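Descriptive analysis of the structure
The primary structure of each chain is shown beneath.
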Amino acid sequence: MVTPLGKSPDAVLRRIEAEDTGAIQSSGFDPNAFSCPVCCRVADFEPQPYASEAKMVRLMNRDAQFAVAAARLALEDAGVKVGKSHPAEEVGLFCATGLAGLPLSDITPLIEASADPEGGFDTGRFGHAGLKAVSPVLSFKILSNMPLCFVSINENIQGPNGVYTPWEGQGAQAVEAGMRALAAGDARCVLVGGCDVKTHELAFASLEQQGLFRSWGENGRGRPRPGGTPSTARGIIPGEGAVFLVLESAQDAIARGAHIYAKIAGWSLRTIAGGSDKSLVRVEALRALRLSTHLGAIVGAANGEQSRDREEKLILEAARHSAGVEIFPKKYVGDLFAAAAVLQLGLGALLAEQCGRSVLANCFSHGSVQAVFALDPP
Amino acid sequence: MKERVVITGLGVCTGVGRGVKTFWENLTAGLSGIRPLSVFDASALPVRIGGEARALNIQEMTRQFPEAAGERDRKIWLGLDAMAQALADARIGGVSFTNTPLFVGVSLETFFLEDVSPLAGKENLSLALGNLLEKRDGRPLQTPLNRLTEILGNHYGFNSGRYTNCSACVAGTQAIGEAFRQLREGAAEAAVAGASDSVLNPLAMGGFSLLQILSTENERPEGACRPFDATRQGTVLGEGAAFLVLETLEQARRRGARVYAEVLGYGSSLDAYRVTDPEPNGNGAALSMTRAIADARLTPDAIDCINAHATGTPKNDVAETRAIKRVLGTRARGIPVTANKSMTGHLIASSGAVEAVASCLTLLTGRIPPTINLLEPDPECDLDYVPKVGREFNGRTVLSNSFGFGGQNAALVFGKGDL
């Protein structure tokens, strides 16, 4: 994984347990422009060490760079050598990607060159000057499937695949698709993951418009900043990163002597229809897992937004779930959106191995798709 | 026991025609839907032609889907239109879709440059963007890629899984393939799957132009897309949508539904080669075809027709031809291979869904649409591409190929619906 709290899953888990946050004052743009003043950024990230060809990196958006790195780390951790330990065509790849992936700075030259003196869009200027102002490879940074394609090229993965967008629920769907591919015998092992970058101003604009920053201030934009310190965080903290997991059948994993973190004992994906009760849908998702009430650990979806935090607590109470350990990654890593579900699941797997008991990973999110996963120790 | 899965409803809206009947009449007659663009002023762009769905009537659709009023992204409207048609065609309206999963393929977020033009010349871009948002009264700068899925889901009550597949040019085929797989495994008795796309806007057209994969033959729009022709220059972009109602054979029989075709197999693969080019020998493409045929429990000699991806770009058509030969061996030269994009243009995410509709209609009507504009065969593309005029078809299976930017591949096998 590549997250604002680091790349080592153990270290990330330890920092979350220690309530050590990656939230910082937003930078690279004027944070006063948005209701949310903070974000969780991946610091000092260099994609080159993970890319098999250096020139490929310049074609990648930041989310794809994260994806390539996280996928490489996951495969190395699993000891899967594509084309050697596993035939390339028998390795699957399913990935979720997010909205608004491109920073405004990437298209500013195009906007400038395409505007008339009054600031209106001029198709003539766009055709003659605007297109010349941007990189010809801009499309490779915009297309939602590109992170998956870069990972496949970088790792020579040739098996079944799919890309889903844009929220955490779609990350859960990528995991589901991977499990279906394994069950159907389409692949011997699958890499499932997500990547997202929500730390630039266009992403902030998108989140602001969708009302996700509402809890940062009653009056929305213009409210005095809370100072940006995590202890005062009152809402979603946009994050960035990528997380990939290697899934394979227990039989195959045991046969090749793999380190097994956890077994996915069950999952439930539910849809919140227009007008339906979100909490009820989430409770139904939990109940469908038929978990024992007392668990080893719960990886919660709470993100610091008071109403969301309270809702999850009530949902767990309604489903009568409790655990010795409860962690809430989004409060410290930030909300990784398309990558969030896979992070929840990955941390849940670590906890299952550590505590030797069943773990619940909640992937309650924006959008209509709500997911939960149950993990058993190996 | 694995369920058999059949197609019982179709809906389609493209530049070649709106509605299954018109679309099929025009496609089999070899009528091109590619014209000079009218949806926006493309006069200063290097490419000024496209497969525009001129019959799309947004006003009419707004009456049917008032919750979508104000949507500016044409793929929303195209998708709503195709979905409404498909459900009406399946005569499945009025039933609850609570246990029906929905699979929607789309490609790019639509971003209107006129919305962000006021940012030009501003020193503090972030503040200018913030101010811009305040004036937009909640209207998004980009149309989220799951917007169509959510509108459809809420309108019809698809509450058993909503999937938004963004696998570029294979999104439609993957959406149908995943729906098929879930029904076959018994996860539901019905599913609706398809895709919608429109890249006929300045940013997308400009972006694709920069990649130099588009034909610039603006003076001869109808002849600009020439898959497998030696003089082909590149593809032509289009827009369109198609949705298919999939049901288990058991449910379709139980309710007396008309069956267009059976879905027999699905496969996907990755080139793992370059994001800029297809794998030149068609290895990745061949793998998806092989997987789909194996998934159908068929052998290559059971494939009777291919609805090719056939974009009309120099590299893609050669790679696909090699892939077909690799998979079908000597049979490759003996079966018809048709290229719908010669008439529709490249519909990106929705191309696979529209071509799935054409594949089902080929099986139902016994007609294969032609590959138009194929006048001078490329020596490297030496299969039977059904040039110029359509023809009769008596086969029992059609393989439909989709190959995407970045190296994603997917294929579906359809069988005759006379079960």
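Above this text sits the structure in question.
Residues numbered from 1 in each chain as written. Chains lettered and ligands numbered in written order. Predicted model: local features only at pLDDT ≥ 70, side-chain atom pairs only at ≥ 80, totals over all residues. Heavy atoms only, no water.

The next subject is the overall build of chain B. Looking only at helices and strands, chain B has 13 helices and 15 strands in total. Taking 22 Å as the expected radius of gyration for a compact globule of 419 residues, we find that chain B reaches 20 Å, a close match to that expectation. Taken along the three principal axes of its C-alpha coordinates, chain B extends 65 × 50 × 40 Å. By the burial criterion, 70% of the 419 residues in chain B qualify as buried. Long-range contacts, defined here as pairs at least 24 residues apart, represent 79% of the contacts in chain B between residues at least 6 apart. (Helix = DSSP H or I, 4+ residues; strand = E, 2+ residues; numbered from the N terminus. Rg over C-alpha atoms; globule rule 2.2 N^0.38 Å. Buried < 20%, exposed > 50% of the residue type's maximum accessible area, 1.4 Å probe, protein only. Contact = heavy atoms within 4.5 Å.)

The subject of this paragraph is the sheet that holds strand β9 (residues 322-327) of chain A. All names here are of chain A. Strands sit in the order β7-β11-β10-β8-β9 across an open sheet of five strands; the sheet is mixed. Only two strands of the sheet have a single partner each, and these edge strands are β7 (263-271) and β9. Adjacent strand axes in the sheet meet at a mean angle of 20°, parallel and antiparallel pairs treated alike. Pairing of strand β8 (residues 294-299) with strand β10 (residues 359-363), which is carried by three bridges, proceeds in the parallel orientation. In the strand pairing of β10, Ile298 is matched with Leu360. Of the strands in this sheet, β7, β10 and β11 (369-376) touch helix α11 (residues 278-288), which is tilted by about 150° from β7. (Pairing = 2+ DSSP bridges. Axes fitted to C-alpha atoms, helices over the stretch in contact; angles between N-to-C directions.)

Residue and element names in this part refer to chain A. At a minimum axis distance of 9 Å, the contact between helix α3 (residues 62-78) and helix α7 (residues 146-155) shows a crossing angle of 40°. Classified by the interaxial angle, the pair formed by α3 and α7 is oblique. Note that α3 runs across α7; the crossing there is right-handed. Residues Asp63, Ala64, Ala67, Val68, Ala71, Arg72 and Leu75 of α3 pack against Pro147, Phe150, Val151, Asn154 and Glu155 of α7. Grouping the constituent residues of the contact of α3 with α7 by class yields eight nonpolar, one polar and three charged. (Parallel < 35°, antiparallel > 145°, perpendicular 65-115°, else oblique. Left-handed = near helix turned anticlockwise from the far one by under 90°. Nonpolar A, V, L, I, M, F, W, Y, C, P; charged D, E, K, R; others polar.)

Another point: the state of the cysteines. Applying the stated criterion across every chain yields a total of zero disulfides over all chains. Unpaired in this structure, Cys149(A) has its nearest cysteine sulfur neighbour in Cys95(A), at a distance of 9.6 Å. Here Cys149(A) falls in the buried class, since its relative accessible area comes to 0%. Of all cysteine sulfurs, the one in Cys169(B) lies closest to Cys225(B), which takes part in no disulfide; the gap is 13 Å. (Disulfide = S-S within 2.5 Å.)

With that out of the way, let us pick up the packing of aromatic side chains. Each aromatic ring pair is characterised by the separation of its centres together with the angle its planes make. Per the stated rule, a full pass over the model turns up 15 aromatic pairs over all chains. Just above the ring of Phe337(A) sits the side chain of Lys198(A); from NZ or CZ to the centre is 5.3 Å. Geometry around Phe112(B) places Arg72(B) over its ring, the cationic atom sitting 4.0 Å from the centre. (Phe/Tyr/Trp six-rings, centres within 6.5 Å; stacked < 30°, edge-to-face > 60°. Lys NZ or Arg CZ within 6 Å of the ring centre and 35° of its normal.)

We now examine the layout of surface pockets. Volume-wise, the largest pocket comes out at about 1100 Å³. In terms of lining residues, the largest pocket is bounded by 42 residues, among which Trp167(A), Gln210(A), Gly211(A), Leu212(A) and Gly367(A) are the most central. When residues of the lining of the largest pocket are traced back to their parent elements, those giving at least two are α11 and α12 (306-318) of chain A together with α6 (147-156) of chain B. Looking at the lining of the largest pocket, its residues break down into eleven nonpolar, 16 polar and 15 charged. The space that makes up the second largest pocket amounts to roughly 910 Å³. Along the walls of the second largest pocket sit 37 residues, with Leu245(A), Val246(A), Leu247(A), Tyr261(A) and Ala262(A) positioned nearest its centre. (1 Å grid on protein atoms, 1.4 Å probe; cavity = no way out; pocket = protein on both sides within 12 Å on 5 of 7 lines; lining within 4 Å. Points joined across faces, edges and corners; volume = space filled by probe spheres on them.)

On to the interface of chain B and chain A, then. Facing 75 residues of chain B, the contacting portion of chain A comprises 74 residues. Between chain B and chain A, roughly 5900 Å² of surface is buried when both sides are summed, and carbon and sulfur atoms account for 61% of that area. A per-residue breakdown of the area chain B buries against chain A is headed by Leu210(B), Leu270(B) and Val275(B), which together make up 11% of the total. A salt bridge links Asp186(A) to Arg181(B), with the shortest nitrogen-to-oxygen separation between them at 2.7 Å. For the pair chain B and chain A, the interface holds 26 residue pairs in polar contact (both at pLDDT 80 or more). (Buried area = accessible area lost by both parts, 1.4 Å probe. Salt bridge = Lys/Arg side-chain N within 4 Å of Asp/Glu carboxyl O. Polar contact = N/O pair within 3.5 Å; in protein donor to acceptor, adjacent residues only side chain to side chain.)

Within the structure shown, the criterion is met by three cavities of 30 Å³ or more. Residue lining of the largest cavity: 32 residues in total, with Leu102(A), Ile142(A), Leu143(A), Leu108(B) and Glu109(B) positioned closest to the centre. Among the secondary structure elements, those contributing two or more residues to the lining of the largest cavity are α3, α6 (138-142) and α7 of chain A together with α8 (202-210) of chain B. In the lining of the largest cavity, the residues fall into 17 nonpolar, eleven polar and four charged. The volume enclosed by the second largest cavity comes to roughly 50 Å³. Lining the second largest cavity we find Leu99(A), Ser206(A), Gln209(A), Gln210(A), Glu109(B), Pro140(B), Leu141(B), Gln142(B) and Pro144(B). The residue makeup of the lining of the second largest cavity, split by class, is four nonpolar, four polar and one charged.

Applying the stated criterion to the full structure yields 47 salt bridges over all chains. In this structure, Arg62(A) and Glu240(A) form a salt bridge, with 2.7 Å as the shortest nitrogen-oxygen distance. Residue Arg62(A) is found in helix α3, and its partner Glu240(A) is found in strand β6 (residues 240-248); the two are separated by 178 residues along the sequence. For Arg62(A), a relative accessible area of 24% translates into the label partly exposed. The shortest N-O distance in the salt bridge between Asp295(B) and Arg181(B) comes to 3.2 Å. Highlighted residues: Asp295(B) in helix α10 (residues 283-295) and Arg181(B) in helix α7 (residues 171-184), separated in sequence by 114 residues. A single burial state applies to Asp295(B) and to Arg181(B), both of which are buried. Taken together, the shared-partner salt bridges in this structure form one network comprising Asp186(A), Lys2(B), Arg181(B), Arg184(B), Glu185(B) and Asp295(B).

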